[in-house]
Each structure stands twice: as C-alpha cells, then as structure tokens.
Amino acid sequence: MRRNYAQTRRRQRAAPWLFLTPSLCGVTLFVLAPFAETVRRSFCDTLGRQAVGLANYQSVLQNAAFRLAVRNTVRFTAVCVPLLLGLSLLLALALRSRPLRGTRWAQRYRTTFLLPMAIPVPSIALLWQVLFAQNGLLNTLLGMHCDFLGSDAAFWVLIATYVWKNAGYTSVLWSGGLDAIPKELYEAAAVDGAGAVRQFTAVTLPQLGPTLAGTGILSLLNTGKVFREAYLVAGAYPPQSIYLLQHLFNNWFLALDLPRLCAAAVLVALATLAGLAGLRVGKR
C-alpha cells in the first residue's frame, strides 16, 4: 500500500515536468542559448574569437545613432502606450454604456475595430503613402504642402498608426476585465450613494489592476512591431523623428556589425528587465 502510494506521488510530481519539457527545451534552444551567445559575443571581436572587454559597449554608448534611436524609442513608447490604454478603455466603456450595451451595433463596432489587425502591413504602408505624401490626399484636401512622411510630423503619423491598429484589440482586453468585475460591487456603491464617476474611480479602476498589467505589457511589446510600417513607408533611414532602435539594429545587422549589435541588444534587454522589475516593485 505504502509503495503504491509513493509511486503515485512520484508520478504526480513528475507529470507537470513531462508537460513542460517540450516548451522548456524549445525556450532553451531558441531563446536562452542564442541570448547567451549574444552576451558572449558582446565581449568579443567580429569573429567572436578574441575578447575585447567593454570596448563594444563603449562604442555603442558613444554612437550618436544609438543615442538618437534610444531617445526616439523611449519617446514613442512613453506617448503611444498611455494614449492607447486610455483611448481603448474609453472605447470599451462606451460599448458597455446603456445606449449600446447588448445591441447589435456594439457587436458590429467590435468587429470593425478589429479589422485593422487583419490588414496586411504592405497595404497599410501603401495607404499611408497615398494619404500623407507631400502630394497625397490629405494635403490635397487641406490645401497644404506638408511632407508628413519626411519631417518631424512622421512621428505623429507613426503614433496614429499604432493606436489605430491596436485600439480595437486592446478594447476587447479591457472588456474582458470589465466583465470580470462583480456587479454586486456596483450595486453596493450605488446604495452608498456613489455616482458614475465615483463608481469608476472607487470600483472599476481598482478592479482593473490585473487587466492593466497584462494589457500594458502586450501594448509595450506591440510597440516593436511598428518598425514594419515605418520601414516600408520611409525605408532603412527614415526621418530622425522615427529612427527607432529597430532601424538601428536592422542597419547594423545588414552591415554585419555584430559586436555592436550584440552589445546594444544586451543593453536593451537589461533596460527592459529593469523596467519590468521596477513595475513589479511599484505594484507591491
């Protein structure tokens, strides 16, 4: 009896690891091992045979293009992520308002807002060129001659692209978080005399904490995907306002500047981990 019980317990303990083994092997092979090699090569020469100490990191930090790309990437993230989260939350709340709640219009709106994610990136780039080129449709309608894609205005075009493409999906995530809030909390707040604004600040926002964390991380990760639109519209060397880290990494990769590329990748990874750790500490 005891022997059978011990065998059963061992099988129960081993079962999760059996299911996790394929994923762990894949992560180790395709993520952890390449990153470890990247860290090693960041301290080596181009061939990866001779150690050069911190020379690659010094070269990266002293590079003007790297500083420009970091500044633009931080600026882009700081603007578009809060803007996306705020607008998508307002959109989710509007679809749940009394005039639209449960109607066929709300379902149609959700489908319409998700359509930008299904549009191929080359089609979006072509549309942006038609709209925002110096002789494009927008300048023709407004009687202007602004080069939206060749000036600092390209930054706001890229912001609009990111928000337009991700607002519908993010609003669906917010809707899931709003649906998970118990209705009893709103009923209790209404009995205590809380109005709509007070219910939103005292009930809705605190209950949306987990949803905010997950949605914020996904939105942050999606900022790296706007490189495709920026690259197709403006090429490898776009206006300085939208020259992001993805452009820099792409250009260094094409130039086979692997030492600086590896060093910059390690610096960005460390900065990302530090940011996530700071968010976790702040949440506590």
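Residues numbered from 1 in each chain as written. Predicted model: local features only at pLDDT ≥ 70, side-chain atom pairs only at ≥ 80, totals over all residues. Heavy atoms only, no water.

Turning our eyes to something else, we now look at the nonpolar core. Formed by 25 residues in total, the largest nonpolar core has its most connected members in Phe76, Leu158 and Tyr162. When residues of this core are traced back to their parent elements, those giving at least two are α3 (64-95) and α7 (153-179). Dropping the residues within four chain positions of it, Phe76 is found in contact with Phe155, Leu158, Ile159, Tyr162, Thr223 and Val226. (Core = buried A, V, L, I, M, F, W, Y, C linked by side-chain atoms within 4.5 Å. Buried < 20%, exposed > 50% of the residue type's maximum accessible area, 1.4 Å probe, protein only. Helix = DSSP H or I, 4+ residues; strand = E, 2+ residues; numbered from the N terminus. Contact = heavy atoms within 4.5 Å.)

Under the defined criterion, the tally for this structure stands at 5 aromatic pairs. On the basis of an interplanar angle of 45 degrees and a centroid distance of 5.2 Å, the ring pair of Phe43 and Tyr57 is categorised as tilted. Taken as a pair, Phe43 in the loop between α1 (2-41) and α2 (55-61) and Tyr57 in helix α2 lie far apart in primary sequence, 14 residues in all. Under the relative-accessibility criterion, Tyr57 is labelled buried at 10%. Ring geometry for Phe76 versus Phe155: centroids 6.3 Å apart, planes at 85 degrees, classification edge-to-face. (Phe/Tyr/Trp six-rings, centres within 6.5 Å; stacked < 30°, edge-to-face > 60°.)

This next bit is on the UniProt feature "transmembrane region" (unreviewed entry) in the protein. Within this numbering scheme, the UniProt entry marks residues 14-36, 74-93, 113-132 and 258-279 as carrying the feature "transmembrane region" (unreviewed entry). Helix makes up 100% of residues 14-36 and strand 0%, whereas the separation of the span's terminal C-alpha atoms amounts to 28 Å. Helix and strand shares over residues 113-132 are 90% and 0% respectively, and the end C-alpha atoms of the span are 22 Å apart. (UniProt positions renumbered as here; feature names shortened; annotations may be inferred.)

Not every positive phi belongs to a glycine, and Leu256 is a case in point at roughly 60 degrees. Residue Leu256 is classed as exposed on the basis of its relative accessible area of 56%.

Before going further, it helps to spend a moment on a nonpolar patch on the surface. Together, Ile217, Leu218, Leu220, Leu221, Leu270, Leu273 and Leu276 make up a nonpolar patch on the protein surface, roughly 620 Å² of accessible area in all. Of all the secondary-structure elements, those providing two or more residues to the nonpolar patch are α10 (209-222) and α13 (258-283). Here the element with the most residues in the nonpolar patch is α10; it accounts for 4 residues. Assignment of secondary structure puts Leu221 in helix α10. (Patch = residues over 30% accessible without salt bridge, like charges linked within 9 Å, V, L, I, M, F, W, Y side chains within 5 Å. Areas by Shrake-Rupley, 256 points an atom, 1.4 Å probe, with all protein chains shown as cover. Salt bridge = Lys/Arg side-chain N within 4 Å of Asp/Glu carboxyl O.)

Where charged atoms of side chains with opposite charge meet at close range, the side chains can pair. For the structure shown, the criterion picks out 2 salt bridges. The shortest N-O distance in the salt bridge between Arg40 and Glu37 comes to 2.8 Å. Pair noted here: Arg40 and Glu37 are both in helix α1, with a separation of 3 residues, about one helical turn. With a relative accessible area of 34%, Glu37 lands in the partly exposed category. Across the pair Arg260 and Asp257 runs a salt bridge, and its minimum N-O distance is 2.7 Å. Assigned by exposure class, Arg260 and Asp257 land together as buried.

Another point: the packing of helix α11 (residues 227-234) against helix α12 (residues 245-254). At a minimum axis distance of 10 Å, the contact between α11 and α12 shows a crossing angle of 65 degrees. With respect to α12, the axis of α11 lies roughly perpendicular. By crossing handedness, the relation of α11 to α12 is classed as right-handed. Note on element contacts: α12 touches α11 through Gln246, His247 and Asn250, opposite Phe227, Ala230 and Tyr231. Here the contact of α11 with α12 is built from residues that sort into 3 nonpolar, 3 polar and no charged. (Axes fitted to C-alpha atoms, helices over the stretch in contact; angles between N-to-C directions. Parallel < 35°, antiparallel > 145°, perpendicular 65-115°, else oblique. Left-handed = near helix turned anticlockwise from the far one by under 90°. Nonpolar A, V, L, I, M, F, W, Y, C, P; charged D, E, K, R; others polar.)

Turning our attention to the state of the cysteines. Under the definition given, this model contains 0 disulfides. This cysteine, Cys262, is not joined by any disulfide, and Cys44 carries the nearest cysteine sulfur, 9.1 Å off. (Disulfide = S-S within 2.5 Å.)

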